[in-house]
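As a plain string of letters, each chain reads:
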Amino acid sequence: MTKHIKTPGKGSNYISTTNACKLCKPMGATLAFRGIEGAMPFLHGSQGCATYMRRYIISHFNEPMDIASSSLGEKNAIFGGGPNLKEGLKNVTAKFYPQLIGIATTCLTETIGDDLPMILHEYKSSTADDGSQPLLVPVSTPSYSGTHMEGFHAAVRAVINALADKTTDIKAGGINILPGFVSPADIRHLKEIALDCTIKATILPDISETLDGPALAESELIPHGGTPIADIKEMAHATATLEFGSTIADELSGGVLLSEKFSVPCHKLPVPIGISASDQFFSTITTLTKSPTPAKYLEERGRLIDSLADGHKYIFGKKAVVYGEEDLVVALTAFLTEIGIKPVLCASGGKSGKLKTAIQTACKNALDEETEIHEGTDFYEMAELVAGLSPDLLIGHSKGYQLARKLQIPIIRVGFPIHDRLGGQRILHIGYRGAQNLFDTLVNAVLTKKQDDSPVGYSYM
Amino acid sequence: MNSAILEERQEQVIRKAEGTAVKVSCDKDSAAGAISQRACVFCGSRVVLYPIADALHLVHGPIGCAVYTWDIRGALSSGPELHRLSFSTDIQEKDVIFGGETKLYNALIELIERHKPKAAFVYSTCIVGIIGDDLEAVCKKVTEATGVTAIPVQSEGFKGNKRAGYTAACNAMFRLVGSGDTADIPVKSINILGDFNLAGEIWMIRELYEKIGITVVANITGDGRVDDIRRCHGASLNVVQCSGATMHLANMMKKEYGIPSIRVSYFGIEDMADSIYAVADFFQDKEMKRKAREVVRQELSEIYPRLQEYKRALQGKKAAIYVGGAFKAFSLVKAFRLLGMNVVMVGSQTGTESEYRELQEITDEGTIIADDSNPLELSSFLKEKDVDIFVGGVKERPIAYKLGVAFCDHNHERKEALAGFKGMLNFAREVYSSVLSPVWQFMPRKYKNQESRND
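Residues numbered from 1 in each chain as written. Chains lettered and ligands numbered in written order. Predicted model: local features only at pLDDT ≥ 70, side-chain atom pairs only at ≥ 80, totals over all residues.

Participant: Honestly, the interface of chain B and chain A in this entry has me stumped. Any pointers?
Facilitator: Where the parts come together, the accessible area they lose is often given as the size of the interface. Listed by partner, the interface residues are 58 residues for chain B and 52 residues for chain A. With five residues, helix H4 (residues 101-115) of chain B is the largest single contributor of residues to the side of chain B that touches chain A. The residue makeup of the side of chain B that touches chain A, split by class, is 34 nonpolar, 13 polar and eleven charged. Strand direction decides the pairing type here: strand S1 (residues 17-18) of chain A and strand S3 (residues 87-88) of chain B, joined by two bridges, are antiparallel. (Contact = placed C-beta atoms within 7 Å. Helix = DSSP H or I, 4+ residues; strand = E, 2+ residues; numbered from the N terminus. Nonpolar A, V, L, I, M, F, W, Y, C, P; charged D, E, K, R; others polar. Pairing = 2+ DSSP bridges.)

Structure, rendered in C-alpha cells:
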C-alpha cells in the first residue's frame, strides 16, 4: 500500500472517513451557548440535528440538554426556513423565558441560503420592544466545514461580538477567561483559582453548573448557572483576556476580537494541563494581579512534583497515543513529555493546519522526532498507524475504546465524549490539581495493567 | 390547562376519561421550538438498516450524521460486525459547491475494496437532498464496477419524520428481496421483521419459533444478513413487530409475492405467548400448536415464581412511559399491569390516531396520553402524577433522574434483553432495581414531600 504517513498536516490518505475523531460544527455551538446564563441553544435546521446532538451530549453529562430546533420540513427547505425560525423563537420565548437564544445554523440552512440577520431583524421588528424579548445571537456553523471546536469558538466569539459593549457603566476591570471546551470540574477549578487570586473573572462559557447540576425538587426551564449576560457585556472593560488554546484561528478567537474591538490585551495560553502550562497560567495571573500565587496552589504544585518522584519510574518510556480535539492533544502531549511518557502518535480529526507546530512549541525540545502527528485523521487511520508503534497507552475520549480493546492496552479517558463511564463531567484536567489527577490516573493504569498481566499478582507497587 | 404545553400542542395531550374516547391529534410536524424528542428521516432509516451486519453503511453527508450514529445500537451480530463501524463521505464545502458524486463514488469503491461487504447502503442526508447528488446513478455505477450491490437510501433528514425514514429503509431492502435462491426453504417458514436483536433478543425469539418447528428465513433486521434478505420472499409468512418500522416491507412483499403478514409484539408475557400462538395458528398444524403450548408453559413455569416476587415489591407503584412508537407502549402498559403497577402517563414520538385510541382503551381513567411530547411537558407529567418510575430512551433519562425519579432504559442501546419471556423477567428486574434503590431517599423531591406531610 502506498501511504504517506510521514507527511503530517496533510490530512487523511483516504477518501472516506471511518469512525471519525471529530464532531460537527453546530454541536460545539450548542455546548458553548449552554454555558451562558439563561440561554437556550437553538438549531436552525431539521429536527434530527438537535435530537442527535442532545442524545450525544446527554450520554456524556447525564444532564438534561435542551436544544430547540426550527424543525424544518421539505416545504421549508424549498421556500426558506424563515417562518419556522420565527415560530420557533416565539415558542421558545413563550415557554422558557430565556434571556438569550443562541441560534446556530446547520448544513441545511446554510445551503438553502437563509439570511439569518435579515430573518432575525424581521422577527425583532414584529415583537414588542419592551425589554421582555430575549437577546438573539446567530452564529454561522455549516456542518460541512471544521469541527465542533470551530463551532464552539465561533459561538463564543459571536456572543462577545453581540454583547460586549464599552458604553456600559465602567466597573473595575476584571479578567476575561476563555477556557475553550473543558469540563465542568475544570471550570469550577478556574472559578476557585479566580476567587483565591481575588480576580474578578468572567469565564465564558461557564458550563460548571448548567451541565453538572444538583438533583432538584422542581425541574428548571433552563438550568441555573452560566456566564451572566451582564458580565459578558463588561468584557469590553477587562484589563486582559486569557484564552486557552494553541490552534484557534484568529477569526474564531474571542480574545482577538476583544483586543481588536476594545483593545483588551489577549494572552493566548495553551490549555493549562501539566506543570509548565499551569506555571505559565499562574504566572500570567501573577503578572496581571501583581500578587504572588496563593500558597494553596504552590502547595498543590509541591505535592504534584513530589508525586512525580514517587511515580516516575513506572511510566518512564511508556509509549502513548493521544487523540481528540487539537488543543487538548497539544496540551496533553506536552504534559506526557514532562513526565517521561513518550507520545508516539498525536492525532486529531480537526484540521487547523497548526497542530504540528503547536505541539512542537508546547513540548519545547522534549518531543521525539519520530512522533507521528496527524491532523484530519480518523480512527481507521489511527489503527493503521499504531500497528507499527506498539503503544502502551491510549489517552483521549471514550471513542478510542475499540482501538484500546483491540490492542489490549489501557485507555485513559479524558475530554469529551465519555460515553462508557460515569462522571466525565467531573474529570479535572487543568491546573496542578488536574495534573495530579491525570498523573495518578496514568500511573495507576500502568500499574493495574502490570498487576493484572502478572502471574504473581504483587501486593506492592 | 397545563402551562407546560404549547398552545398548538394542546390537542396532542389528553387525559383518559371513562367511556369517552378523545381524539389525540397526531402525525403532525413537530412544533418549531418545542424541543421534540423526535429525530429525522435519516434516523428512521439508519435504525432499521443498522443491524444488517454484513452490509456497508455509508452515510453521504457531513460528519455529524455518521458520527452520532456510530455504534449507537445494542444490535448484536453472531458473525460479521461491519455495522458497528461508522462510514462517512464527510462532505466538505467544496463538495457542496461542486457536487459530491465523485467523492461518493470513490469512497464507495475504496470501502467496498477494503471490507468486501455483501451489499452497500448509501444514506442520503439533508445536504445531499439540497445539492442534488444523484445517488441512484452513483450506486448503479459502483454496482457495475464492483459486483457489490449498492443501494441508495432516500433518507434526507428534512423530508418528514422518522416514519418516512422507515419507509425509505424498507424501499432500500426491498431491492434485495427476490434476488436469492429459495429452493430449499420449507413451507413452515417465516421472516422475523421489526426486531433488531438488541442485547440478543432475536436469538431468544428465533429459538422459541424453532422449538415449535418453524424455520426462520431472514431476520429483518436484527443480526441480519444481506443474503437472507435476498431470499426472504421464499418464506410463507412475515411476522412483523414494532409500530411500523418494517410494516411497509411486509406490505410490499404481500403485493409482489403474495406473502401474508401478522403483527406481533415480543414484549411482555401475554404478547410473547400470543406471538407464538399466532404463528402456530397460521400454519394450522396440530403438532405445532401443541408444541407452542408446551413452550409457553415451560417458559412461564421458569419465570413466573420470580415475577411474583417482583410484583410483591412493585405493587401499586406508578409508571410513566414515553417511547418512539406507540406499539411498544401497548406492551409496556400490559407488562406494568402484570407487575401490579399503574400506568399514569403514556406517550410516543410517532403514534397514530388509532394507536392512541387503543391506548385509551387499555389505560385507567386519568392517564395522560401524549403525542410528540418534550422535556418540559414530560417533567410536568412526572411531577403531577408523582411517578415512581419512568421508562424511555436516553433523552428521557435525565428528565427522570434530575427530579429523583427511577428510570428504566427501553432504548436502542440497551444491554439487557427485554423481549421474550426471559426479557420480561429482565424488565421486572430493571424496574425493581431502580424503584427499590435506597438512593431516592436523598432526593430533594422526597424531602419536600416529607416536609409537606409533616407540616
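Participant: Even after reading the chapter, I still don't get the sheet that holds strand S9 (residues 266-269) of chain A, so can you show me in this structure?
Facilitator: Within a sheet, each strand pairs with its neighbour through backbone hydrogen bonds, oriented either parallel or antiparallel. Residues and elements named next belong to chain A. Taken together, four strands build an open sheet; the order of strands is S7-S6-S8-S9 and the sheet is parallel. Strands with a single pairing partner mark the edges of an open sheet, and in this sheet they are strand S7 (201-203) and S9. In this sheet, adjacent strand axes meet at a mean angle of 20° when their direction is disregarded. Across three bridges, the pairing between strand S6 (residues 175-178) and S7 is parallel. Its bridge partner being in S7, isoleucine 177 is matched across the sheet by isoleucine 203. (Axes fitted to C-alpha atoms, helices over the stretch in contact; angles between N-to-C directions.)

Participant: Hey, could you run me through the packing of helix H13 (residues 326-338) of chain B against helix H14 (residues 353-362) of chain B in this one?
Facilitator: The geometry of a pair of packed helices is captured by two quantities: the angle between their axes and the separation between those axes. Residue and element names in this part refer to chain B. Between H13 and H14, whose axes approach to 10 Å, the crossing angle comes to 10°. Viewed along their axes, H13 and H14 adopt a mutual orientation that is roughly parallel. Contacts between H13 and H14 pair Ala326, Phe327, Ala329, Phe330 and Val333 from the former with Glu355, Tyr356, Glu358, Leu359 and Ile362 from the latter. (Parallel < 35°, antiparallel > 145°, perpendicular 65-115°, else oblique.)

Participant: Any chance you could explain the pairing of strand S6 (residues 189-195) of chain B here in plain terms?
Facilitator: Two faces make up the sheet, and in a regular strand the side chains alternate between them. All names here are of chain B. Burial analysis of S6 places six of its seven residues in the buried class, which makes it a mostly covered element. When S6 meets strand S7 (residues 215-221), the two strands line up parallel, connected through six bridges. The partner of isoleucine 192 across the bridge, within S7, is asparagine 219. A crossover links S6 with its parallel partner S7, the connecting element being helix H8 (residues 201-211), and its sense is right-handed. Sheet topology note: the S6/strand S8 (residues 237-241) ladder contains four bridges and is parallel. Looking at the pairing, isoleucine 192 lines up with valine 239 of S8. (Buried ≥ 20, exposed ≤ 12 C-beta atoms within 10 Å, placed from the backbone. Right-handed = clockwise from strand over helix to strand, strands pointing away.)

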